[in-house]
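Now for the letters of each chain:
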2 protein chains.
Amino acid sequence: MSEIKRIEIIGRGNVATHLRNALENYSVNLINPHTLENLDRDSDLILIAVTDDAIKEVSNKIGNTNAIVAHTSGTTPIDILERVGSPYGVFYPLQTFSKDIKLNYRKIPFFIEGADNDTEVALKSLAAHISDSVYAVDSNKRKVLHVASVFACNFVNHLWGAANKILADNHIPFTALTPLIEETIRKATASGEPYSVQTGPAVRGDKATMSQHLDMLRNYPELRELYSILSESIQITSKNIRNVRN
Amino acid sequence: MSEIKRIEIIGRGNVATHLRNALENYSVNLINPHTLENLDRDSDLILIAVTDDAIKEVSNKIGNTNAIVAHTSGTTPIDILERVGSPYGVFYPLQTFSKDIKLNYRKIPFFIEGADNDTEVALKSLAAHISDSVYAVDSNKRKVLHVASVFACNFVNHLWGAANKILADNHIPFTALTPLIEETIRKATASGEPYSVQTGPAVRGDKATMSQHLDMLRNYPELRELYSILSESIQITSKNIRNVRN
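Residues numbered from 1 in each chain as written. Chains lettered and ligands numbered in written order. Predicted model: local features only at pLDDT ≥ 70, side-chain atom pairs only at ≥ 80, totals over all residues. Heavy atoms only, no water.

Checked against the element boundaries, Asn164(A) lands in helix H4 (residues 139–168). Classification of Asn164(A) by relative accessible area gives buried; the value is 5%. The contacts of Asn164(A), once residues within four sequence positions are left out, are Phe174(A), Gly192(B), Glu193(B) and Pro194(B). (Helix = DSSP H or I, 4+ residues; strand = E, 2+ residues; numbered from the N terminus. Buried < 20%, exposed > 50% of the residue type's maximum accessible area, 1.4 Å probe, protein only. Contact = heavy atoms within 4.5 Å.)

Encoded structure:
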């Protein structure tokens, strides 16, 4: 398989435009997914960077090509492309892209899958031109990664929202917590095992503080319930870890 | 009230040593809390940087002084020092301090309380020499802040542990999530309201993905329950926010 040089990116959302920027050393065309007008079917790679539920339809419209066809979705199995008739794969950057926000692409992890070995090698090699973190994972592992990112980002953001709600009612800006949050992520990452650097009243078994906190949250029933459940979960986890170690 | 120049820090933990480093432009003595040997009672400020449950005992041993006496605890009310007989207050840096980890002290928020106005002004002025973020808050607000930091850091770290558990079982390092986590905190902070930048299947009401995720978590009953509860909480919150806006 020859090296990828000419790339068509179908899409006009944030993923498509950021991938075009990340691939600035290549010959790249950005293609409107609604018409596929000007799609160069003689290119080396056609990237489908559209919403999950549009991937199938777009792939059906590509028509006759020898290019590798790859989608950029974290949650969609590779098989959705099995009828394109040319080599196919997945080219998934694990990041949340915003318009006008510049990112350091070398730090973004790319998760690659190829329907055959040559395709996987070609896509990995392309990803390595963009990023220092390239992993080959099958569709099942990519799903695992997606669940993990729901815990690590979506749920985490919800808890930051909860913290902000309490702070805002007391006229303290959320940014007052930023240094503490940043140090918490530094410690979690440096340890390689966040459970091992858990701090706070729950893991200490500090019942007096926890009951004081629950009392303070009496006007926030929703947050009060989260506090109880998460504190209990921390205590169960810490007990399980101690049992494994003993 | 004259400016604070000579400072005694009682304590030998991470808070005490980091505060000494942060106050390098001052005349600072680090004092052993068990003996209070060499404590200079003619200094301008005596900082009690010991564990919460030792503050009372240490403050009782200080004896006759005109110095401001302040503790550094987030959870202990100012009143615990009311019997020291000299001006008293709270000098609380909101950060988790580790041994041998250098921090940018200018970014650490300090929360200050003085039993009288002069003391509060003096402590705020000292904090402003260390940090760009200095807030005057009473003991009640400081408790609010502590609850918020439990949500924003302790609970968040627990969710990172959950993510890592799923990843580790699939041989994916936790660091693969770091860029996504960092971008999530950047967006939450930039928005000033994390709820407003919430993403993921729960806030989208994407039932198919949520039920797929729950199915994938069938071997992790503890995480499965957290997934359900947090997804539900996100949906309730998003519904409430929409209702407020309408």
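All right, on to the sheet that holds strand S3 (residues 45–48) of chain A then. Residues and elements named next belong to chain A. The sheet built from 7 strands is open, its strands ordered S2-S1-S3-S4-S5-S6-S7 with mixed pairing. Single-partner strands in this sheet number two, and they are strand S2 (27–31) and strand S7 (134–136). Neighbour to neighbour, the strand axes of the sheet diverge by 25° on average, direction disregarded. Relative to strand S6 (residues 110–114), strand S5 (residues 88–93) runs antiparallel, the two being bridged by 5 bridges. Bridged to Pro 93 within S6 is Phe 110. Here helix H2 (residues 55–62) sits on the sheet in contact with strand S1 (6–10), S3 and strand S4 (68–71), set at roughly 155° to S3. (Pairing = 2+ DSSP bridges. Axes fitted to C-alpha atoms, helices over the stretch in contact; angles between N-to-C directions.)

A few words on the relation of the copies chain A and chain B. The two copies are related by a screw operation: chain A maps onto chain B through 180° of rotation and 0.0 Å of translation along the axis, at an RMSD of 0.1 Å. One copy is carried onto the other by what is essentially a two-fold rotation axis. When each C-alpha of chain A is compared by its distance to the rotation axis, Val156(A) comes out closest, at 2.7 Å. Of the interface residues in chain A, 100% have counterparts in chain B that sit at the interface too, so the contact is made through matching surfaces. (Least-squares fit on C-alpha atoms with pLDDT ≥ 70 in both.)

This part takes up the confidence of the model for chain A. Residues with a pLDDT of 70 or more make up 99% of chain A, whose mean pLDDT is 94. Reported confidence for the predicted complex is 0.88 by ipTM and 0.89 by pTM. (pLDDT = per-residue confidence, 0-100.)

Taking 1.5 Å of rise per residue, the 14 residues of helix H5 (residues 178–191) of chain B would be expected to cover 20 Å, and the 20 Å separating its terminal C-alpha atoms lies within 8% of that figure. Those residues of H5(B) that sit buried are Thr178(B), Pro179(B), Leu180(B), Ile181(B), Glu183(B), Thr184(B), Ile185(B), Lys187(B) and Ala188(B). Contacts made by the buried residues of H5(B) are with H4 and helix H5 (178–191) of chain A together with helix H4 (139–168) of chain B. Following H5(B) by one or two positions, Gly192(B) has its phi on the positive side, about 75°. (Expected span 1.5 Å × (residues − 1).)

We now examine the sheet that holds strand S1 (residues 6–10) of chain B. All names here are of chain B. Taken in spatial order, the 7 strands of this open sheet run S2-S1-S3-S4-S5-S6-S7, and their pairing is mixed. The two strands at the open ends of the sheet, each matched to only one other strand, are strand S2 (27–31) and strand S7 (134–136). With direction set aside, neighbouring strand axes in the sheet form an average angle of 25°. Sheet strands in contact with helix H3 (residues 117–130) are S1, strand S3 (45–48), strand S4 (68–71), strand S5 (88–93), strand S6 (110–114) and S7, and its direction is about 160° off that of S6.

A few words now on the nonpolar core. One finds Phe151(A), Trp160(A), Phe151(B) and Trp160(B) to be the most contacted residues of the largest nonpolar core, which totals 115 residues. Apart from residues no more than four positions distant in its own chain, Phe151(A) is found in contact with Val156(A), Leu159(B), Ala162(B), Ala163(B), Ile166(B), Leu217(B), Leu223(B), Leu226(B) and Tyr227(B). (Core = buried A, V, L, I, M, F, W, Y, C linked by side-chain atoms within 4.5 Å.)

With that out of the way, let us pick up the packing of aromatic side chains. Residue and element names in this part refer to chain A. Within this structure, the stated rule accounts for 12 aromatic pairs over all chains. Seen from their ring centres, Phe 91 and Phe 110 are 5.2 Å apart, and the 55° between their planes marks the pair as tilted. Here Phe 91, found in strand S5, pairs with Phe 110, found in strand S6; they are 19 residues apart in sequence, far enough to count as distant. Linked through ring pairs, Tyr 92, Phe 111 and Tyr 135 together constitute an aromatic cluster. (Phe/Tyr/Trp six-rings, centres within 6.5 Å; stacked < 30°, edge-to-face > 60°.)

As a further point, take the pairing of S4(A). Residues and elements named next belong to chain A. Across the two faces of S4 the burial is the same, with Ile 68 and Ala 70 and Val 69 and His 71 all buried. Where S3 lies against S4, 4 bridges are found, and the strand directions are parallel. Its bridge partner lying in S4, Ile 46 is registered against Val 69. With respect to chirality, the unit in which S3 leads through H2 into the neighbouring parallel S4 is right-handed. With 3 bridges connecting them, S4 and S5 associate as parallel partners. Following the sheet pairing, Ala 70 is matched in S5 by Gly 89. (Right-handed = clockwise from strand over helix to strand, strands pointing away.)

It is worth spelling out the environment of Asn38(B) at this point. All names here are of chain B. Locating Asn 38 in the fold gives a position in the loop between S2 and S3. Of the residues examined, Asn 38 reaches a relative accessible area of 65% and is grouped as exposed. Each C-alpha atom of the pair Asn 38 and Glu 8 lies 9.6 Å from the other, and the pair is 30 residues apart in sequence. Those residues in contact with Asn 38 that lie beyond four places of it in its chain are Glu 8 and Ile 31.

To continue, consider the interface of chain A and chain B. Each side of the interface is counted separately: chain A has 81 residues, and chain B has 81 residues. Surface buried jointly by chain A and chain B totals about 8,000 Å² across both partners, of which 72% is contributed by carbon and sulfur atoms. Its largest share of buried area at the contact with chain B, chain A owes to Phe151(A), Phe155(A) and His158(A), together 9% of the area lost on that side. For the interface between chain A and chain B, the tally reads 30 residue pairs in polar contact (both at pLDDT 80 or more). Counting only elements with at least two residues in the side of chain A that touches chain B, the list comes to H4, H5, helix H7 (207–216) and helix H8 (221–245) of chain A. (Buried area = accessible area lost by both parts, 1.4 Å probe. Polar contact = N/O pair within 3.5 Å; in protein donor to acceptor, adjacent residues only side chain to side chain.)

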